[in-house]
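Structural overview for review
Here are the chains, one letter per residue:
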Amino acid sequence: MSSEQPDLPSLPEHVTASWLTSVLGRKVKAIEPTRDPILNASAGKLFLTLSYENDDTGDLKRPTRVCIKGGFNTVFIERYPDILIGLYKREADFFNRVAPNLVHIDLPRWYWAGNNATQGLVIMDDLAVPGAKFGEPMEPWPVERVLAGVEQLAGLHAGTWGVRHSNHAWADPEFYDRILLFALCSRWDDLIHGAHRPPLPAIVKDETRVRAALAKHFRLRNPRFRCLVHGDAHVGNTWLHQGVEPRFLDWQTIQVGSAFHDVAYFVSGGLTVKNRRAHEMRVLGHYLAALRRFGGPELSTNDEDVVVEYRKSMLAGYNWILTPYELQSEARVRTMCERHSTALVDHSTIELIESLPDVE
């Protein structure tokens with residue numbers, strides 16, 4: 001069900017049996033917390049057990065254990081309103097507008113999504129109930145699991161290849177470019193040079209060069225590779241089906257962009273530096289083969305445009321370098337900064353972008 005909602009809960013106590021009845025279309029008799037909510041994160045999650053009038057356990061549209069995700073932490077929202085509200089709304093739009101049409105990517109079962117000017121919510125299965133294991137950014141993945149992960153990304157990309165900005169105005173990359181990254185750039189001294197921030201290579205700390213490279217990279221996205229991208233495809237936004245098979249979560253930064261934004265970001269953040277250096281071209285080739293198998297274009301690592309776009313797209317990892325500790329733990333930020341900043345240096349990403357002709 002897709003809907004612009006006039007009234008949506010903004011606090012956990014506003015989620016009632018009556019409201020759930022109205023959005024699920026099933027008479028909810030009572031709700032009980034399954035476990036403690038997660039509120040000290042950029043998106044809140046409520047875990048509830050539902051019971052129904054005239055309960056019919058065979059009705060798959062009547063979930064019993066759900067996760068309700070959206071904006072429930074008013075302190076975070078007041079601090080970053082332009083960023084966070086946009087994220088909540090995008091995820092609801094993804095589940096309403098895109099997810100029903102995807103064939104080659106595995107998503108959690110969802111039952112309802114909606115948004116309005118100040119909130120976006122999704123009701124989905126509580127994945128912890130069947131024992132899913134969630135990805136942790138500090139724990140790098142083995143190469144074989146990353147190969148399986150890029151197949152999931154290929155399914156998203158192939159299913160939306162060649163989309164036009166005009167058909168997906170809600171997923172315009174301007175949000176990521178202007179609001180998300182450049183809003184964080186406004187805190188440069190604090191987030192790059194502040195106390196307890198991670199050590200970085202000199203070129204990665206050069207504000208003038210980095211800002212210019214970010215802006216130019218966004219202008220130079222190659223339209224050959226345009227599709228809908230996850231936007232924040234790191235290990236922490238995954239879960240392992242049956243403890244083994246990787247799946248992506250947290251579709252808050254879905255946007256029209258270059259496929260290699262997701263691929264470069266996922267590979268550089270998901271592998272150890274040693275494994276990335278040894279295996280990234282194999283992973284990239286595996287992704288390209290899956291993309292073709294799922295109905296996307298036939299591309300090759302011998303194509304200079306492909307390699308240039310992949311190297312440029314390492315800049316996607318800069319969002320971890322600019323991540324405040326209020327949004328991710330210091331330990332996570334330090335771990336991811338090391339992987340991404342090293343990849344930027346290994347691929348001479350900033351120098352590459354500086355060397356390319358600009359758009360006229």
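Preceding this paragraph is the structure being described.
First, a word on scope: everything that follows refers to the structure included in this document. Here the structure is a predicted model, which means the values were calculated and not measured. Every chain's residues receive numbers from 1 upward, in the order its sequence appears when written. For this predicted model, a pLDDT threshold of at least 70 governs which residues receive local features, and a threshold of 80 or more governs which side-chain atom pairs are given and counted, while totals over whole chains, interfaces and linings are taken from all residues. Heavy atoms throughout the structure, all of them, feed into the side-chain values; hydrogens and water do not.

Details of the overall build of the protein chain
The test is simple: The helix and strand labels rest on DSSP assignments: H or I over at least four residues marks a helix, E over at least two residues marks a strand, and numbering proceeds from the N terminus. Two things to know: the radius of gyration comes from C-alpha atoms, and the globule rule equals 2.2 Å times the number of residues to the power 0.38. Every residue pair with non-hydrogen atoms within 4.5 Å of one another is taken to be in contact. All accessible areas in this document rest on Shrake-Rupley with a 1.4 Å probe, and a residue is counted as covered only by the protein chains that are shown. His is not counted here, nor are the chain ends, while Lys and Arg score as positive and Asp and Glu score as negative. The atom standing in for a charge is NZ when the residue is Lys, CZ when it is Arg, CG when it is Asp and CD when it is Glu.
The number of helices and strands found in the protein chain is 13 helices and ten strands. Its C-alpha radius of gyration of 20 Å places the protein chain within 12% of the 21 Å reference for a compact globule of 360 residues. Taking the principal axes of the C-alpha coordinates as reference, the protein chain spans close to 65 × 45 × 40 Å. Across the protein chain, the fraction of contacts at a sequence separation of at least 24, relative to all contacts at a separation of at least 6, is 75%. Counting every atom, the protein chain has about 15400 Å² of accessible surface; 49% of that belongs to carbon and sulfur. When the 40 positive and 45 negative side-chain charges of the protein chain are each reduced to one mean point, those points stand 2 Å apart.

Considerations on unusual backbone geometry
What counts here: Only protein chains enter the area calculation, which uses a 1.4 Å probe; residues under 20% of their type maximum are buried, those over 50% are exposed, and those in between are partly exposed.
One non-glycine residue, H196, adopts positive backbone phi at about 70°. By the secondary structure assignment, H196 is in the loop between α6 (188-193) and α7 (207-219). Of note in this structure, S348 is not a glycine but carries a positive phi near 45°. For S348, the position within the fold is in the loop between α12 (330-346) and α13 (349-355). Take S348: its relative accessible area is 28%, and that puts it in the partly exposed class.

What about the pattern of salt bridges?
Convention followed: We define a salt bridge as a contact between a side-chain nitrogen of Lys or Arg and a carboxyl oxygen of Asp or Glu at a distance within 4 Å.
Tallied over the full model, the rule gives 23 salt bridges. Notably, a salt bridge pairs E354 with R209, separated by 2.8 Å at the nearest N-O pair. Of this pair, E354 sits in helix α13 while R209 sits in helix α7, and the two are 145 residues apart along the sequence. On the basis of relative accessible area, R209 is assigned to the partly exposed category, the value being 30%.

Description of the sheet that holds strand β1 (residues 28-33)
So the rule is basically this: Think of it this way: DSSP has to see at least two bridges between two strands before they count as a pair. Every axis in this analysis is a line fitted to C-alpha atoms, fitted for helices over the stretch in contact. Angles between the N-to-C directions lie between 0 and 180 degrees.
A sheet is described by the order of its strands in space; here five strands give the open sequence β1-β2-β3-β5-β4, paired in antiparallel fashion. At either end of the open sheet lies a strand with only one pairing partner, and these are β1 and β4 (110-116). Adjacent strand axes in the sheet meet at a mean angle of 25°, parallel and antiparallel pairs treated alike. Strand contacts of helix α1 (residues 17-24): β1, β2 (44-52), β3 (65-70), β4 and β5 (119-125), with the helix running at about 120° to β1, the strand carrying the most contacts.

Notes on the nonpolar core
One recurring pattern in soluble globular proteins: nonpolar side chains tend to sit buried together. Quick note on the threshold: Residues belong to one nonpolar core when they are buried, are Ala, Val, Leu, Ile, Met, Phe, Trp, Tyr or Cys, and are joined through side-chain atoms within 4.5 Å.
Within the largest apolar cluster, 80 residues are counted, with the highest numbers of intra-cluster contacts made by F260, F266, Y287, Y318 and L322. With residues up to four places along the chain from it excluded, the contact list for Y318 reads L181, W188, I192, V204, V210 and L344. Counting residues in hydrophobic clusters, the runner-up holds 19 residues, among them V23, L24, I68 and F72.

Quick look at the sheet that holds strand β8 (residues 238-241)
Judged by pairing direction, the sheet is antiparallel, and its three strands sit side by side in the order β6-β8-β9 without closing on themselves. The strands lining the two open edges of the sheet, one partner per strand, are β6 (133-134) and β9 (245-248). Inspection of the sheet shows β8 paired to β9 by four bridges, in the antiparallel sense. Across the sheet, residue W239 finds its bridge partner in β9, namely R247.

Some points on helix α3 (residues 81-98)
Definition in use: Helix span is expected to be 1.5 Å times the residue number reduced by one.
The terminal C-alpha atoms of α3 lie 25 Å apart, and with 18 residues this matches the ideal 26 Å at 1.5 Å per residue to within 8%. With 14 of 18 residues buried, α3 is to be regarded as a mostly interior element.

Overview of α12
End to end, α12 covers 24 Å across 17 residues, agreeing with the expected 24 Å (1.5 Å per residue, within 8%). Those residues of α12 not exposed but buried are V333, T335, M336, C337, R339, H340, S341, T342, A343 and L344. Looking at the packing, one finds that the buried side of α12 touches α8 (259-270), α9 (273-293), α11 (318-321) and α13. Backbone geometry just downstream of α12 places S348 in the positive-phi region, at approximately 45°.

Some remarks on the side chain of T160
Turning to its location among the elements, T160 is positioned in the loop between α4 (143-159) and α5 (174-185). Ignoring anything within four residues of it in the chain, the contact list for T160 reads V98, L102, R226, C227 and L228.

Some remarks on the state of the cysteines
The criterion, for reference: Any cysteine sulfur atom paired with another within 2.5 Å is treated as part of a disulfide.
Tallied over the full model, the rule gives zero disulfides. In this model C185 remains outside any disulfide bridge; the closest cysteine sulfur is found in C337, 13 Å from its own.

Remarks on the packing of aromatic side chains
Rules: Each Phe, Tyr or Trp ring (for Trp, its six-membered ring) is paired with any other whose centre lies within 6.5 Å, and the angle between the two planes then decides the class: stacked below 30 degrees, edge-to-face above 60, tilted in between.
For the structure on display, the rule yields nine aromatic pairs. Between F94 and W251, the aromatic rings sit 4.3 Å apart at their centres with planes inclined by 10°, giving stacked as the arrangement. Placement of F94 in helix α3 and of W251 in the loop between β9 and β10 (255-258) is noted, with a sequence separation of 157 residues between them. Taken as a pair, F94 and W251 share a single burial class, namely buried. When the ring of F260 is compared with that of Y287, the centres are 6.2 Å apart and the planes differ by 70°; the resulting orientation is edge-to-face.

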